[in-house]
Amino acid sequence: MLSERQMMILRAVVRDFTNTGVPVGSKALAKQLPIHVSSATIRNEMAALEEQGLIKKTHSSSGRIPSVEGYRYYVDHLVKPDPLQPNDIDVIQTSLGGDFHKIDEIISQSATILSNLTSYTAFTLKPELKDSRLSGFRLVPLGKRQVMAILVTDSGDVENQTFDVSEAVSGDQLEAVVRLINDQLVGLTLPDVLQKLQTDIPLKIANYLQSPTGFLDIFGDVLTRAAQERFYVGGRLNLLNFSQDSDVDSLKSLYSLIDKTDDIANVLGPPSDNISVQIGNEMTNDALQNFSLITATYDVNQHGRGMIAILGPTRMPYSRMLGIVGAFREELAKKLLDYYRNYDE
């Protein structure tokens, strides 16, 4: 347990270092603390904090900087999210106020907005789709034996793919297949549709197509894309602004991580009601040992929950970042609820 004075000093060390990047000394702290404390007393308290592993000395300065444990204690016990500035709210609402035609457009734009607000790398994940249902399937002729397959879910997601049709397949055969899919599969959840593609649907389609494998592959691809989790990344290049490692291989590993859905999903973890902060080696991936990750879940009622996150240096201004992330998830949820409301109507 820390004393009130020790907590006050640790808070000041974290805030000063995250603002300036300069190790903090006792004289600087004496000027910042809200109570009068001598430099000697501050040095004694800093020695106690250092002994507990909450701050540490750097090689190049007599000042102290927070350790990962110090940041952890600060985030868990001392930090208070800063209220968002009115101009930040205006930027969020204006940027989300455009005319979007797909959920993915909103989620993708959200990653860019969040990255611009924080100057860090941002991730956004669309609402979970395990309960989404197939609401329609169409084939649109494009000419020259090309056809576009269009799949629509009840959550407003639209996926499409263009493919070539054999001359042996007639328009009537394709229309029969579309009727079959809509009759048999509309209203089912996407996982259930995928399961039926492996069981009884191929036999039924074989009644209309001599070789249904190609069509089933196309339909399966479009369906899989509609059902998969999809992350969007904003501000990829921002990683270069605060990466402490100039080693090319390390940077390649970092960029490879953020571009792989499964890997970044493991880093972000499962949805949580609370805003979560992971610091340095608390994350399992070695490429992130000098970074902090703030994640938050947003809720769009029956349409599921999605996630937003920012990846920045351990030396980030946590109060401001927590304030931004907290406000942003509320504004994004409002925008998505409006979208779903209009779609449902």
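Above this note sits the structure.
Here's a quick rundown of the structure. As the structure is a prediction and not an experimental result, all values here were calculated from the model.

1. Here's the deal with the overall build of the chain
Alright, step 1. Assigned secondary structure in the chain consists of 14 helices and 10 strands.
Alright, step 2. Over its C-alpha trace the chain gives a radius of gyration of 26 Å, far above what one expects of a compact globule, namely 20 Å for 345 residues.
Alright, step 3. In the chain, buried positions account for 48% of the 345 residues.
Alright, step 4. For the chain, long-range pairs separated by at least 24 residues make up 62% of all intrachain contacts whose partners lie at least 6 apart in sequence.

2. A few points about helix 6 (residues 103-118)
The periodicity of an α-helix, 3.6 residues per turn, causes residues three or four places apart in sequence to face the same way.
Alright, step 1. Under the 1.5 Å per step criterion, the end-to-end length of helix 6 is 23 Å for 16 residues, consistent within 8% with the ideal 22 Å.
Alright, step 2. Listing the buried residues of helix 6 in full gives Ile103, Asp104, Ile106, Ile107, Ser110, Ala111, Ile113, Leu114, Ser115, Leu117 and Thr118.
Alright, step 3. Just past helix 6, the residue serine 119 takes up positive phi, approximately 65 degrees.

3. Considering the nonpolar core
Alright, step 1. One finds Leu10, Ile294, Tyr318 and Leu336 to be the most contacted residues of the largest nonpolar core, which totals 80 residues.
Alright, step 2. At 12 residues, the largest contribution of residues to this core is made by helix 14 (residues 318-344).
Alright, step 3. Mapping this core onto the domain boundaries places at least three of its residues in each of domain 1 (4-78) and domain 2 (86-128 + 230-344).
Alright, step 4. Apart from residues no more than four positions distant in its own chain, isoleucine 294 is found in contact with Ile275, Ser276, Val277, Ile308, Ala309, Ile310, Met316, Tyr318, Met321, Leu322 and Val325.
Alright, step 5. Grouped together as the second largest cluster of nonpolar side chains are 28 residues, Ala149, Ile181, Leu197 and Val222 included.

4. Some points on the packing of aromatic side chains
Alright, step 1. With the rule as written, the count across this model stands at six aromatic pairs.
Alright, step 2. Look at phenylalanine 137 and phenylalanine 215: their rings are 6.2 Å apart centre to centre, the planes differ by 80 degrees, and that puts the pair in the edge-to-face class. With phenylalanine 137 in strand 4 (residues 134-143) and phenylalanine 215 in helix 10 (residues 213-227), the pair connects residues that are 78 residues apart, well separated along the chain.
Alright, step 3. Given a relative accessible area of 2%, phenylalanine 137 falls into the buried group.
Alright, step 4. Note on phenylalanine 215: relative accessible area 7%, which makes it buried.
Alright, step 5. Seen from their ring centres, phenylalanine 137 and phenylalanine 219 are 4.8 Å apart, and the 80 degrees between their planes marks the pair as edge-to-face. Taken as a pair, phenylalanine 137 in strand 4 and phenylalanine 219 in helix 10 lie far apart in primary sequence, 82 residues in all. Accessibility assignment for this pair places phenylalanine 137 and phenylalanine 219 in one class, buried.
Alright, step 6. Clustering of aromatic rings is evident, with ring pairs tying together Tyr71, Tyr74 and Tyr318.
Alright, step 7. The ring of phenylalanine 17 carries the charged tip of arginine 315 above its face, separated from the ring centre by 5.8 Å.

5. Remarks on the sheet that holds strand 5 (residues 146-153)
In a beta sheet, neighbouring strands pair by backbone hydrogen bonds and run either parallel or antiparallel.
Alright, step 1. On the basis of which strands lie adjacent, the open sheet formed by three strands has the order 4-5-6 and antiparallel pairing. Only two strands of the sheet have a single partner each, and these edge strands are strand 4 and strand 6 (158-164). Strand-to-strand twist of the sheet, defined as the mean angle between neighbouring strand axes without regard to direction, takes the value 20 degrees.
Alright, step 2. With seven bridges connecting them, strand 5 and strand 6 associate as antiparallel partners. Bridge pairing in strand 6 places glutamine 146 opposite aspartate 164.
Alright, step 3. Packed onto the sheet, helix 7 (residues 171-185) meets strand 4 and strand 5 and runs at close to 170 degrees relative to strand 4.

6. Section: the layout of surface pockets
Alright, step 1. In this structure, the second largest pocket spans a volume of roughly 270 Å³.
Alright, step 2. Of all the elements in the fold, those that place two or more residues in the lining of the second largest pocket are strand 6, helix 7 and helix 10.
Alright, step 3. Element by element, the count of residues in the lining of the second largest pocket is highest for helix 10, at three residues.

7. Describing the packing of helix 5 (residues 86-95) against helix 6
Alright, step 1. Running from amino to carboxyl end, helix 5 crosses helix 6 at an angle of 160 degrees, the nearest separation of the two axes being 10 Å. On the basis of their axis angle, the class for helix 5 and helix 6 is roughly antiparallel. Of the two possible hands of crossing, helix 5 and helix 6 adopt the one that is right-handed. Together, Asp88, Val91, Ile92 and Ser95 of helix 5 and Gln109, Ile113 and Leu117 of helix 6 make up the contact between the two elements.
Alright, step 2. Class assignment for the residues of the contact of helix 5 with helix 6 results in four nonpolar, two polar and one charged.

How each quantity is defined
Residues numbered from 1 in each chain as written. Predicted model: local features only at pLDDT ≥ 70, side-chain atom pairs only at ≥ 80, totals over all residues. Heavy atoms only, no water. Helix = DSSP H or I, 4+ residues; strand = E, 2+ residues; numbered from the N terminus. Rg over C-alpha atoms; globule rule 2.2 N^0.38 Å. Buried < 20%, exposed > 50% of the residue type's maximum accessible area, 1.4 Å probe, protein only. Contact = heavy atoms within 4.5 Å. Expected span 1.5 Å × (residues − 1). Core = buried A, V, L, I, M, F, W, Y, C linked by side-chain atoms within 4.5 Å. Domains from an automatic or database assignment. Phe/Tyr/Trp six-rings, centres within 6.5 Å; stacked < 30°, edge-to-face > 60°. Lys NZ or Arg CZ within 6 Å of the ring centre and 35° of its normal. Pairing = 2+ DSSP bridges. Axes fitted to C-alpha atoms, helices over the stretch in contact; angles between N-to-C directions. 1 Å grid on protein atoms, 1.4 Å probe; cavity = no way out; pocket = protein on both sides within 12 Å on 5 of 7 lines; lining within 4 Å. Points joined across faces, edges and corners; volume = space filled by probe spheres on them. Parallel < 35°, antiparallel > 145°, perpendicular 65-115°, else oblique. Left-handed = near helix turned anticlockwise from the far one by under 90°. Nonpolar A, V, L, I, M, F, W, Y, C, P; charged D, E, K, R; others polar.

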